[in-house]
Every structure is written in C-alpha cells, then in structure tokens.
Amino acid sequence: MSGKKLNGKIAVVTGGGSGIGLETACLFRRHGAQVVIAGRHEDSLAEAKKRIGGETLAIRTDVSRPADLASLMKSTADAFGRIDILFANAGISECPDILETDESFFDALMGTNVKGVFFAFVHALPVLAPGASVIFTSSVAQQRGRPGDPLYSASKAAVRSLARTLAADRRVLDRAIRVNAISPGAIRTPLTAAAAGDPEISAWVEAQVPMGRWGRPEEVARCALFLASGESSYLTGGEIAVDGGLGQI
C-alpha cells in the first residue's frame, strides 16, 4: 500500500494474540513494520502470526514474569538489532467482587497490568532506538469513580501514571523517545465477549456511552498507529481516550 507510515520499523506488541493487540499488529504490518507479538497462549499466537503475515515473530511470554520480558526484548534485539515501537498492551480485566478478591488474584492482576507494563519498558529501554515510540494501554476506567472494578481501575491508573513519569526520565528525553498512553472504553474483544454477548449488559453499556455503541479493536489500533508514527512527533507523556466519549462527557 502507498503511504506506509512505519516502513522499516521494528514493533513489539504484547498481548498480540487477540483483540486490540492483534488488530494493532496487523495494522502495523500493513504500514511496513516488522512485528514481534507476545502472548501467553501458543495456539492464539500461531493463528495471529498467520493472520499478520510477513516474517512476524511470535514469542510466548507471560508479562507478569520479568524474566520472560527480558527474554522477549533480547530475542527481538538479536533478530533485528533494535526496537522502534513498543506497544505494552497485555492486560486482564475480569475482577471478582471486592469481598471475594484474595491476595492471589490481586497479585495476578497487578502482575499483568502494572508489573508487566513497567518491566516491558525496563527491559526494552536499552535497545529502544533513538526516536522510538512507547505506547501503554490504560483504560477509561481509570478516569471514572464507577463501582464494580476498583482493582482494575487502579491498575490502569497506575499505567497512566507510568506514561507520565517514564516520559519524563532524562534517559528517555535525551534519546527523543516518546511515551504515551491509550485509554480505550468499551471495546468488543475476546476479553469483553461475555458482556458484549449478553443483550441486557450490552444495552446497558451502549446507554452509558455518549456515542451509543461499543468500540471496535481497529479503532484503537488506528490510534496506536498514530502514536507509533512520526505524525505524533510532538506528543509525549500524553493520553488519548478512544472511548466514544465515555470518560469525557
């Protein structure tokens, strides 16, 4: 295609086996990037690799394990010499009631949603190219005081904060590396399939969203493409909400 925005770039996408991560990896590839996808499930990674095409690398990774993330970044650097785009997107969203939340679940959610983002950045930083773009997936939930998922909301607030504080690090600014966050709203993905497939819940969600509908993964992917490309060259420490107005109006 003409007008490719990521020609020759090396992109790492965590949570790249499905949903927002997969749609973004496909879009990055169509715009000329060499893509490395990471996820926990080999079957979904294999299917995703076929869909993305090209010489896509698929590396089984549990983002809650810093050693896995170190191996992911090393494998990418060994194969391509650098990373131009890091999309730290992997996360989990389903939470039990607060009175049923035990320490094990707390650690699992925070390990994926917060520790996974932080150590993805830490282990990518030495091999990030000058001018690289780092993108974190936060959530509109971190902006709202809605009851029901306080732990998830807190984890995504931490991710939003990391985008600010890591963007301000001198080692980042001196190399013209940009760090930004995307905050999706209600997006139809495998993670939200149960809610989206329930007519009553789905209708309630649509009633909450000013635009009156669920979002699509490709709508978030287009935002990630903007942040990954030179079109967002003067944006760092920022956040773009892809939420149909849910956290804005």
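Higher on the page you've got the structure.
Note that the coordinates shown come from a computational prediction; the quantities given were computed from them, not determined experimentally. (Residues numbered from 1 in each chain as written. Predicted model: local features only at pLDDT ≥ 70, side-chain atom pairs only at ≥ 80, totals over all residues. Heavy atoms only, no water.)

Asks: Go over the side chain of asparagine 180 with me, naming the residues and quoting the values.
Replies: Counting through the fold element by element, asparagine 180 comes out in strand β6 (residues 178–184). A polar side-chain atom of asparagine 180 sits 2.8 Å from the main-chain carbonyl oxygen of leucine 235. For asparagine 180, the side chain forms a polar contact with the main-chain nitrogen of glycine 237, separated by 3.3 Å. Apart from the residues within four sequence positions on either side, asparagine 180 is in contact with Val134, Ile135, Phe136, Ala163, Leu227, Leu235, Thr236, Gly237 and Gly238. (Helix = DSSP H or I, 4+ residues; strand = E, 2+ residues; numbered from the N terminus. Polar contact = N/O pair within 3.5 Å; in protein donor to acceptor, adjacent residues only side chain to side chain. Contact = heavy atoms within 4.5 Å.)

Asks: Can you explain the packing of helix α1 (residues 19–30) against helix α9 (residues 217–228)? Please cite residues and give values.
Replies: Direction vectors running N to C along α1 and α9 enclose 55°, while the axes themselves pass 8 Å from each other. Taken as axis vectors, α1 and α9 run oblique relative to one another. The element α1 and its partner α9 pack so that their crossing is right-handed. The residues of α9 that touch α1, namely those facing Gly19, Ile20, Glu23, Thr24, Leu27 and Phe28, are Pro217, Glu218, Val220, Ala221, Arg222, Ala224, Leu225 and Ala228. For the contact of α1 with α9, the per-class residue count stands at nine nonpolar, two polar and three charged. (Axes fitted to C-alpha atoms, helices over the stretch in contact; angles between N-to-C directions. Parallel < 35°, antiparallel > 145°, perpendicular 65-115°, else oblique. Left-handed = near helix turned anticlockwise from the far one by under 90°. Nonpolar A, V, L, I, M, F, W, Y, C, P; charged D, E, K, R; others polar.)

Asks: Break down the nonpolar core for me, citing the residues and quoting the values.
Replies: Judged by nonpolar contacts, the single largest core of 30 residues is most densely connected at Leu72, Met73, Phe121, Leu128, Val134, Phe136 and Val179. Those elements that provide at least two residues to this core are β2 (34–39), α3 (66–80), β4 (83–88), α4 (103–124), β5 (128–137), α5 (150–167) and β6. Of the residues forming this core, the biggest block, five residues, is contributed by α5. Apart from the residues lying within four places of it in its own chain, the contact partners of leucine 128 are Ile83, Val134, Arg175 and Ile177. Among the nonpolar cores identified, the runner-up in size contains 28 residues, and Ala11, Phe87, Ile182 and Ala228 belong to it. (Core = buried A, V, L, I, M, F, W, Y, C linked by side-chain atoms within 4.5 Å. Buried < 20%, exposed > 50% of the residue type's maximum accessible area, 1.4 Å probe, protein only.)

Asks: Can you lay out the pairing of β2 for me, pointing to particular residues and giving the numbers?
Replies: Of all six residues making up β2, six are buried, and the element is well covered by its neighbours. Of the pairings in the sheet, the one linking strand β1 (residues 10–14) to β2 comprises five bridges and is parallel in character. Residue isoleucine 10 lies in a different strand from β2, and its bridge partner there is glutamine 34. You can see the chain leave β1, run along α1 and come back into β2, and the turn it takes is right-handed. With helix α2 (residues 42–52) bridging β2 and its parallel neighbour strand β3 (residues 57–60), the resulting β-α-β unit is right-handed. (Pairing = 2+ DSSP bridges. Right-handed = clockwise from strand over helix to strand, strands pointing away.)

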